[in-house]
Amino acid sequence: MDAALALIVGKYNYWIYIVLMMIGLYAVVVKKNLIKKIIGMNILQTAIILFYVSIGAKKGATIPIIAHAHNGGGEHVIHAAEYINPLPHVLMLTAIVVAVATLGVALALSIKVYKQYGTLEEDEIYEKIRES
Amino acid sequence: MKAIAMVAVVLCGGLLIYGSLDFPDWGDPNSPASTHLSPYFIENAIPDTSVPNIVTAVLADYRGYDTMFETAVIFSAGIACLLLLRMFTPNAPDSRLYRHTPTGVTIRIEQGGKLPENTQEFQRIDLSWVPYDVIVNTGCRLMVPFIQLFALYVIAHGHHSPGGGFQGGVIYGAAVILFAVSKDLRSAIEQVGEKMTAYLSSAGVLIYAGTGLLCLFLGGEYLNYSALAGLLGVDPIAARSHGILIVEVGVGLAVMAVMVSLYYILSSDGKLDEGL
Amino acid sequence: MIWEFEFIILFLVVVCGIGALAVKDLLGASILFGGYSFMMCLLWAIMGAVDVAFTEASVGAGVSTVLFVAAVFRTSRRTKD
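This report concerns the structure included in the present document. (Residues numbered from 1 in each chain as written. Chains lettered and ligands numbered in written order. Predicted model: local features only at pLDDT ≥ 70, side-chain atom pairs only at ≥ 80, totals over all residues.)

Turning our attention to the overall build of chain C. Counting its regular elements, chain C contains three helices and zero strands. Reading the secondary structure of chain C in the N-to-C direction produces α-α-α. If one aligns the C-alpha atoms of chain C with their principal axes, the spans along those axes are about 45 × 20 × 10 Å. The buried share of chain C, reckoned over its 81 residues, is 54%. (Helix = DSSP H or I, 4+ residues; strand = E, 2+ residues; numbered from the N terminus. Buried ≥ 20, exposed ≤ 12 C-beta atoms within 10 Å, placed from the backbone.)

At a closest axis distance of 11 Å, the pairing of helix H1 (residues 2–30) of chain A and helix H1 (residues 3–22) of chain C adopts a crossing angle of 5°. One finds that H1 of chain A runs roughly parallel with respect to H1 of chain C. Between H1 of chain A and H1 of chain C, the contacting residues are Ile16, Val19, Leu20, Ile23 and Ala27 of chain A on the first element and Leu10, Val13, Val14, Gly17, Ile18 and Leu21 of chain C on the second. Per-class residue counts for the contact of H1 of chain A with H1 of chain C are ten nonpolar, one polar and no charged. (Axes fitted to C-alpha atoms, helices over the stretch in contact; angles between N-to-C directions. Parallel < 35°, antiparallel > 145°, perpendicular 65-115°, else oblique. Contact = placed C-beta atoms within 7 Å. Nonpolar A, V, L, I, M, F, W, Y, C, P; charged D, E, K, R; others polar.)

Looking now at helix H2 (residues 38–49) of chain B. All names here are of chain B. Compared with an ideal rise of 1.5 Å per residue, which puts twelve residues at 16 Å, H2 spans 16 Å between its outermost C-alpha atoms and is within 8% of the ideal. Along H2, the residues that are buried comprise Ser38, Phe41, Ile42, Ala45 and Thr49. Along H2, the residues classed as buried sweep out an arc of 100° about the axis, all on the same side. Turned more than 90 degrees off the buried face of H2, the exposed positions are Tyr40 and Pro47. (Expected span 1.5 Å × (residues − 1). Arc of directions from axis to C-beta.)

The next thing to look at is the nonpolar core. Core analysis: the largest hydrophobic core is formed by 125 residues, its most contacted members being Tyr263 and Leu266 of chain B together with Leu67 of chain C. Top element by residues in this core is helix H10 (residues 236–267) of chain B. It accounts for 17 residues. Apart from the residues lying within four places of it in its own chain, the contact partners of Leu67 of chain C are Leu103, Gly104 and Leu107 of chain A together with Leu262, Tyr263 and Leu266 of chain B. (Core = buried A, V, L, I, M, F, W, Y, C linked by C-beta atoms within 7 Å.)

Turning our eyes to something else, we now look at the interface of chain C and chain A. Taken together, the 33 residues of chain C in the interface contact 33 residues of chain A. Elements supplying a minimum of two residues to the side of chain C that touches chain A: H1, helix H2 (26–47) and helix H3 (50–74) of chain C. Residues that form the side of chain C that touches chain A fall into these classes: 21 nonpolar, seven polar and five charged.

Moving on to the interface of chain B and chain A. Note on interface size: it is often stated as the accessible area lost on association of the parts. Contact with chain B, which involves 44 residues of that partner, is made by 44 residues of chain A. Residue assignment for the side of chain B that touches chain A shows that the elements contributing at least two residues are helix H1 (2–19), H2, helix H3 (54–62), helix H4 (64–85) and H10 of chain B. By residue class, the composition of the side of chain B that touches chain A is 31 nonpolar, six polar and seven charged.

Residue and element names in this part refer to chain B. In this model, Ser50 sits at a positive phi of 55°, which is unusual for a non-glycine residue. With respect to the secondary-structure elements, Ser50 resides in the loop between H2 and H3. A positive phi angle, close to 65°, is found at Leu223, a residue other than glycine. When you line up the elements, Leu223 lands in the loop between helix H8 (194–217) and helix H9 (229–232). We classify Leu223 as buried; it has 23 C-beta atoms within 10 Å.

Residue and element names in this part refer to chain B. Relative to strand S2 (residues 105–109), strand S1 (residues 96–100) runs antiparallel, the two sharing five bridges. Paired with Arg96 across the bridge in S2 is Ile109. Direction of pairing for S1 relative to strand S3 (residues 122–125): antiparallel, over a ladder of four bridges. Its bridge partner lying in S3, His100 is registered against Phe122. (Pairing = 2+ DSSP bridges.)

By the element assignment, Ala57 of chain A lies in the loop between helix H2 (34–55) and helix H3 (87–117). Among the residues examined, Ala57 of chain A registers 24 C-beta atoms within 10 Å and is labelled buried. C-alpha of Ala57 of chain A to C-alpha of Ile84 of chain A: the two residues are 27 residues apart in sequence and 5.8 Å apart in space. For Ala57 of chain A, the residues in contact, after removing those within four places along its chain, are Ile84 of chain A, Trp26 and Gly27 of chain B together with Met47 and Gly48 of chain C.

Before going further, it helps to examine the sheet that holds S1 of chain B. Backbone hydrogen bonds are what pair the strands of a sheet, in a parallel or an antiparallel way. All names here are of chain B. Spatial strand order, S2-S1-S3: three strands in an open sheet with antiparallel pairing. Edge positions in the sheet fall to S2 and S3, since each of these pairs with one other strand and no more. Ignoring which end each strand starts from, the neighbouring axes of this sheet average 35° apart.

Okay, here's the thing in structure tokens:
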């Protein structure tokens, strides 16, 4: 029981991030409206980014900006354990940029589909394709 | 269909949770992600580049190649939206709506009709028109210059505080979008036109790639900013700091132009005459 | 940080996410999505990832919501599921 409680306290963050990812994935597969699919895709992307950024957290460390860098005369010794790991932040900045670019193109595609078929629901679009 | 999807999603989630049992605890300083390369970045950012914001230093200097292609991705997303939706109608659109200001009467002029030239009495309105609201218009007009100034501050101060090129570019684009939402899409297009966004986005990518080429011509490797030391007249460490600033400006320009262009195209269905 | 804060914000994130997918009005869904983005930004600020939080605040809760509203304005607003 103690071991299970220690496991839950140590890992419950990861489990909630995985639940968020699965909510997004379920929405992309199941939802019939195109805009809801795009929202699900964005939820999946931001949940993955959250998961990655949480890997770099360190207990008791400060943000990755080195304070008093150019003030003060002497040289400070910088310990790596005092600062949060900056590598996941860098990679995830690019991921957020790519997410917004994909969002723009996806919305443009959905407007184009609406102009062609007059609806945004997937089953109605399939029927119209089958008729024509 | 829903049952199959639910089963697949639960299976995937269960496998991921089973895999997470092996992870290091949350907030562990000795986890493998924090022990191999990142101590080198944390301890050597200031001696190598003299930039206190480690994330900016890694993004624009140590991994500058990735950021250049990220700028190219944003640029190609802008081009893709342009190619998908933009309709260049050379003549006048189908029907325009004009409102006679003294009496409040709205007239509709079909294609081929004569447009009223007296702009004092007739103002052109959109299909979804709301009356002029003093509070909204004046408030937004007062705020837009300060938002733009803050965006420039974020780009320039990215070395010492959170920020950088991408965040400043998005904030600048958001200021232009605020002007377009509060007033009118046509008046925003008069200020920042379509050609200007095309030129600015290309100029942003060109600045980034051009800085890399300049370093190549000056004797270093591609995107090695310490080769700019002779051109700028400073020592190589400060040259890396200035090189980071130049590429951040490039990224900011490209991002701003693409955000504005995306909004113009998405909100007016490609025709650029009416908007939100 | 204080783990109660983080727990409440995580709970709000999941609620906003499920809400954005469940409402039938697409304009409400995009506003809820803006709220979800803002809660994510708060989470990252708590974890110390200030650059990522800044970017998500400007991109997710700013430009992304406006793009969604513009697209919903140009297509239909109601949906059946």
